[in-house]
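Listed below are the residues making up each chain.
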Amino acid sequence: MQHRGFLLLSLFALLALTSAVAKKKDKVKKDGPGIECAEEWAWGPCTPSSKDCGVGFREGSCGAQTQRIRCRIPCNWKKEFGADCKYKFENWGACDGGTGTKVRQGTLKKARYNAQCQETIRVTKPCTPKTKAKAKAKKGKGKD
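Residues numbered from 1 in each chain as written. Predicted model: local features only at pLDDT ≥ 70, side-chain atom pairs only at ≥ 80, totals over all residues. Heavy atoms only, no water.

Turning our eyes to something else, we now look at the pairing of strand β4 (residues 65–73). With nine bridges connecting them, strand β3 (residues 54–62) and β4 associate as antiparallel partners. Opposite Val 55, over in β4, you have Arg 72 as the bridge partner. Joining the antiparallel neighbours β3 and β4 is a turn of two residues, in which Gly 63 adopts a positive phi near 65°. (Pairing = 2+ DSSP bridges. Helix = DSSP H or I, 4+ residues; strand = E, 2+ residues; numbered from the N terminus.)

Structure, rendered in structure tokens:
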């Protein structure tokens, strides 16, 4: 009977400890890098360690305190509007024969780390000729 009581007490203590650690992790993620600060953290852009994408660091400040945290810029990201500005994009428009490009618009969905983002952006890409895509598909089917 005493062993059972000891096991139950140990289990309860373990659960309480795990819950406290989980709450502390949530607070660190929400408030910043775990340093108490009376003001709000102000974060700079993510600066890659090498080239223009990949793992890097972001510097933040809160009052007189400064902190560096790891961050990552995807290598396929559009550099004009930065990795901290998340947009919801419409479908691509029709191909403009005069310029040979397609256009679509994006509306700001989320600005991470207090980034300065444009509310709406327009992006373009070259049109792809449909005839080449259809010809490639037919060639692939004929080789079976």
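This part covers the state of the cysteines. Disulfides are covalent bonds that connect the sulfur atoms of two cysteines. A complete count under the given rule lists three disulfides for this structure. Across the disulfide from Cys 46 sits Cys 71; the S-S distance is 1.9 Å. The S-S bond linking Cys 46 to Cys 71 shows a torsion near 95°; that makes this disulfide right-handed. Taken as a pair, Cys 46 in the loop between β1 (42–43) and β2 (47–48) and Cys 71 in strand β4 lie far apart in primary sequence, 25 residues in all. Taken individually, Cys 46 and Cys 71 each receive the classification buried, so the pair is uniform in this respect. Two residues share a disulfide in this structure: Cys 85 and Cys 117, whose sulfurs sit 2.0 Å from each other. (Disulfide = S-S within 2.5 Å. Buried < 20%, exposed > 50% of the residue type's maximum accessible area, 1.4 Å probe, protein only.)

Take the pairing of β3 next. The pairing of β1 with β3 spans two bridges and is antiparallel. Following the sheet pairing, Trp 43 is matched in β3 by Gly 60. Hairpin geometry of β2 and β3 is characterised by an intervening segment of five residues between the two adjacent antiparallel strands and by a positive phi of about 60° at Lys 51.

Time to look at the sheet that holds strand β7 (residues 120–126). In space, the three strands of this open sheet follow the order β5-β6-β7, with antiparallel pairing throughout. Both edges of this open sheet fall to β5 (85–89) and β7, since each of them pairs with a single strand only. For this sheet, the mean angle separating the axes of adjacent strands, direction not counted, is 45°. In this sheet, strand β6 (residues 101–111) lies alongside β5 in antiparallel orientation, the contact comprising five bridges. In the strand pairing of β6, Phe 89 is matched with Gly 106. (Axes fitted to C-alpha atoms, helices over the stretch in contact; angles between N-to-C directions.)

Residue position: Arg 58 is located in strand β3. A polar contact of 3.0 Å, which involves the side chain of Arg 58, links it to the backbone oxygen of Gly 44. Within the structure, the side chain of Arg 58 is placed 2.7 Å from the side chain of Asp 84, a separation counted as a polar contact. Here Arg 58 is in contact with Trp 43, Gly 44, Pro 45, Cys 46, Gln 67, Arg 68, Ile 69, Cys 71, Asp 84 and Tyr 113, once residues within four sequence places are set aside. (Polar contact = N/O pair within 3.5 Å; in protein donor to acceptor, adjacent residues only side chain to side chain. Contact = heavy atoms within 4.5 Å.)

All right, on to the environment of Ala 115 then. Summarising the element assignment, Ala 115 is placed in the loop between β6 and β7. Distance in space between the C-alpha atoms of Ala 115 and Ala 83 is 9.5 Å, their sequence separation being 32 residues. Not counting residues up to four positions away in its chain, the partners in contact with Ala 115 are Asp 84 and Cys 85.

With that settled, the discussion passes to the nonpolar core. If you look at the biggest cluster of nonpolar residues, it comprises six residues: Phe 81, Cys 85, Tyr 87, Cys 117, Ile 121 and Val 123. The set of elements that each furnish at least two residues to this core consists of β5 and β7. Setting aside residues up to four positions removed in sequence, Ile 121 forms contacts with Phe 81, Tyr 87, Phe 89, Arg 104, Gln 105 and Gly 106. (Core = buried A, V, L, I, M, F, W, Y, C linked by side-chain atoms within 4.5 Å.)

This next bit is on the pattern of salt bridges. Using the criterion set out here, one finds one salt bridge in the structure. Note that Asp 84 is salt-bridged to Arg 58, the shortest N-O span being 2.7 Å. Of this pair, Asp 84 sits in the loop between β4 and β5 while Arg 58 sits in strand β3, placing them 26 residues apart in sequence. (Salt bridge = Lys/Arg side-chain N within 4 Å of Asp/Glu carboxyl O.)

Treat this as a map of the structure, not an account of what it does.
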